[in-house]
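Remarks on the overall topology
For reference, the chains in residue letters:
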Amino acid sequence: MLLNWTVMILYNYFSAMFVGPGYVPLGWTPEKSQDCMYLQYCKVCQSYKAPRSHHCRKCNRCVMKMDHHCPWINNCCGYQNHASFTLFLLLAPLGCIHASFIFVMTMYTQLYNRISFGWSSVKIDMSAAKRDPRPIIPFGLSAFAASLFALGLALGTTIAVGMLFIIQMKVILTNKTSIESWIEEKAKDRIQYYQTGETFIFPYDTGSKWKNFKQVFTWSGIPEGDGLDWPVRDGCHQYSLTIEQLKQKADKRVRSVRYRATEDYSGVCCPLTKGVKTFFTTPCTEEPRIALSKGDLVLATRGLKHWMYGEKILDSAADGGIRERGWFPRKCVEKYQCDSETDQPVDEEKKNR
């Protein structure tokens, strides 16, 4: 039984790793040219982003139905490998529960045979069992320590991976990836902030958990669809989500603030030279840091008390369209006053007026 668990766990693990999530073809455009207005364009892949796809900085490709980038499989979890990844998250805790049961029963039976109760003390003889026949594999002090350590690993894996499995099942049953859940939350905030009176309905939830489940898990092992076109619920547009993404992107540009670097920053995760508070409040995220030189311009989109996140303003002709985004210390920058029409710094006369 343990061999069966091992084979099934490794099969799904390597399937999720090597099959991959599926990538949007390079240079992809929708069949109808007028639909391009509803989609974002990826400068790196030189193609439009298909519905539900997102560009992964680590894979350096646009991933179909991207949920997240998993460092444990060194790949993204998306359209093609979502089922294998979820089965791995299910089978690993089940195998660990089985192993934990074996460890517990082994330690219980072996210790029970070695315990002797006296009038004033309890003694444990780890040298040999009192009962015959003797075990095939000697169970001494080292075996007991190894079994106890393995039991701790098995229980820890069961809890940690089991929680990830619950999260992925929620994603599958609602047909809503982690990124799409974040987009939906931002849509609600945008509507509430501007009081537009809109009602955003997530278009890919069919309303039936069983139908959502069957989009990922099929008898053939191949998920439904082609990863580019998706069925939507009644009353929703094929590009409802991408249109909302474009609105949020435009809103982010409006609400972003331009800053100028006043100090050099090397891009390290925890800078010692930028103050104790900056060092201990570094953002706990996989998002990168960007190196700054004095005089660089940054367009900040969000921030914390001692850190900010934004995009460095570069010469698009010189950098080939590559974007540099990430976190940087708030201490290194100051607000940059400029004329919105000429994009030139505001002089003292304009400030006074």
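Residues numbered from 1 in each chain as written. Predicted model: local features only at pLDDT ≥ 70, side-chain atom pairs only at ≥ 80, totals over all residues. Heavy atoms only, no water.

Identification of the chain as Palmitoyltransferase from Formicarius rufipectus is taken from an unreviewed UniProt entry. What UniProt records for the chain under Sequence similarities (unreviewed entry) is the sentence "Belongs to the DHHC palmitoyltransferase family." Turning to the chain, the UniProt record has this under Subcellular location (unreviewed entry): "Membrane". (UniProt positions renumbered as here; feature names shortened; annotations may be inferred.)

**Concerning the environment of Val 104**
Within the secondary structure, Val 104 sits in helix 2 (residues 82-114). Using a relative accessible area of 41% as the deciding quantity, one classes Val 104 as partly exposed. Expressed as a C-alpha distance, the spacing of Val 104 and Leu 148, which sit 44 residues apart in the sequence, is 8.5 Å. (Helix = DSSP H or I, 4+ residues; strand = E, 2+ residues; numbered from the N terminus. Buried < 20%, exposed > 50% of the residue type's maximum accessible area, 1.4 Å probe, protein only.)

**A look at the side chain of His 54**
Within the secondary structure, His 54 sits in strand 3 (residues 54-56). Note on His 54: relative accessible area 12%, which makes it buried. Beyond its immediate sequence surroundings of up to four residues, His 54 is in contact with Arg 61, Cys 62, Val 63, Met 66, Ile 179, Ile 183 and Gln 245. (Contact = heavy atoms within 4.5 Å.)

**Examining the nonpolar core**
Within the largest apolar cluster, 19 residues are counted, with the highest numbers of intra-cluster contacts made by Val 24, Trp 28, Leu 228 and Leu 241. Sequence-distant contacts of Trp 28, defined by excluding residues within four places in its chain, comprise Leu 39, Ser 47, Tyr 48, Lys 49, Ala 50, Pro 51 and Leu 228. (Core = buried A, V, L, I, M, F, W, Y, C linked by side-chain atoms within 4.5 Å.)

**A few points about the UniProt feature "transmembrane region" (unreviewed entry) in the chain**
Taking the numbering used here, the UniProt-annotated feature "transmembrane region" (unreviewed entry) corresponds to residues 6-24, 87-108 and 136-167. For the annotated span residues 6-24, helix accounts for 74% and strand for 0% of the residues, and the straight-line distance between the end C-alpha atoms is 33 Å.

**Examining the packing of helix 4 (residues 178-194) against helix 6 (residues 240-255)**
Where helix 4 contacts helix 6, the axes come no closer than 10 Å and their chain directions differ by 60°. The angle between the axes of helix 4 and helix 6 places the two elements in the oblique class. As helix 4 packs across helix 6, the resulting crossing turns out to be left-handed. Every residue of helix 6 that contacts helix 4 at Glu 180, Ile 183, Lys 186, Ala 187, Arg 190, Tyr 193 and Tyr 194 is listed here: Leu 241, Glu 244, Gln 245, Lys 247, Gln 248, Asp 251 and Arg 255. For the contact of helix 4 with helix 6, a count of residues per class yields 5 nonpolar, 2 polar and 7 charged. (Axes fitted to C-alpha atoms, helices over the stretch in contact; angles between N-to-C directions. Parallel < 35°, antiparallel > 145°, perpendicular 65-115°, else oblique. Left-handed = near helix turned anticlockwise from the far one by under 90°. Nonpolar A, V, L, I, M, F, W, Y, C, P; charged D, E, K, R; others polar.)

**Examining the pattern of salt bridges**
Scanning all chains against the criterion turns up 11 salt bridges. Linking Glu 198 and Arg 190 is a salt bridge whose minimum nitrogen-to-oxygen distance equals 3.3 Å. By relative accessible area, Glu 198 is classed as partly exposed at 32%. When salt bridges that share partners are traced, they join Arg 190, Glu 198, Glu 244 and Lys 247 into one network. (Salt bridge = Lys/Arg side-chain N within 4 Å of Asp/Glu carboxyl O.)

**Concerning helix 1 (residues 2-19)**
With 18 residues, helix 1 ought to run about 26 Å at 1.5 Å a step, and its terminal C-alpha atoms sit 25 Å apart, in line with that. Among all positions of helix 1, only Trp 5, Ile 9, Asn 12, Tyr 13, Ser 15, Ala 16 and Met 17 are buried. (Expected span 1.5 Å × (residues − 1).)

**Some thoughts on the pairing of strand 11 (residues 307-312)**
For strand 11, a buried count of 5 out of 6 residues is recorded, marking the element as mostly surrounded by other parts of the structure. Pairing between strand 10 (residues 297-303) and strand 11: 5 bridges, direction antiparallel. If you follow Arg 302 over to strand 11, its bridge partner there is Tyr 309. Linking strand 10 to strand 11, which pair antiparallel, is a turn of 3 residues. (Pairing = 2+ DSSP bridges.)

**Observations regarding unusual backbone geometry**
Phi at Gln 46 is positive, roughly 55°, even though this residue is not glycine. With respect to the helices, strands and loops of the structure, Gln 46 is situated in the loop between strand 1 (41-42) and strand 2 (47-48). Of the residues examined, Gln 46 reaches a relative accessible area of 49% and is grouped as partly exposed. The residue Lys 65 is not glycine, and still its phi comes out positive at about 50°. Relative to the assigned elements, Lys 65 resides in the loop between strand 4 (61-63) and strand 5 (68-70).

**A look at the packing of aromatic side chains**
Scanning all chains against the criterion turns up 13 aromatic pairs. Ring plane angle 25° and centroid distance 5.6 Å describe the contact between Tyr 38 and Tyr 239, whose orientation is recorded as stacked. Of this pair, Tyr 38 sits in the loop between helix 1 and strand 1 while Tyr 239 is found in the loop between helix 5 (209-216) and helix 6, placing the two residues 201 residues apart along the sequence. Its relative accessible area of 24% is what places Tyr 38 among the partly exposed residues. The interplanar angle of 85° and the centroid separation of 4.8 Å between the aromatic rings of Tyr 193 and Tyr 194 together place this pair among those described as edge-to-face. On the basis of relative accessible area, Tyr 193 is assigned to the exposed category, the value being 52%. (Phe/Tyr/Trp six-rings, centres within 6.5 Å; stacked < 30°, edge-to-face > 60°.)

**Quick look at the side chain of Asp 251**
For Asp 251, the position within the fold is in helix 6. By relative accessible area, which is 13% here, Asp 251 ends up buried.

**Brief notes about helix 4**
Spanning 17 residues, helix 4 covers 25 Å between terminal C-alpha atoms, matching the ideal 24 Å at 1.5 Å per step. Listing the buried residues of helix 4 in full gives Glu 180, Ile 183, Glu 184, Ala 187, Arg 190 and Ile 191. All buried residues of helix 4 lie within an arc of 125° about the axis, which places them on one face of the element. Residues of helix 4 that are exposed and point over 90 degrees away from its buried face: Trp 182, Gln 192 and Tyr 193. Following helix 4 by one or two positions, Gln 195 adopts a phi angle in the positive range, close to 50°. (Arc of directions from axis to C-beta.)

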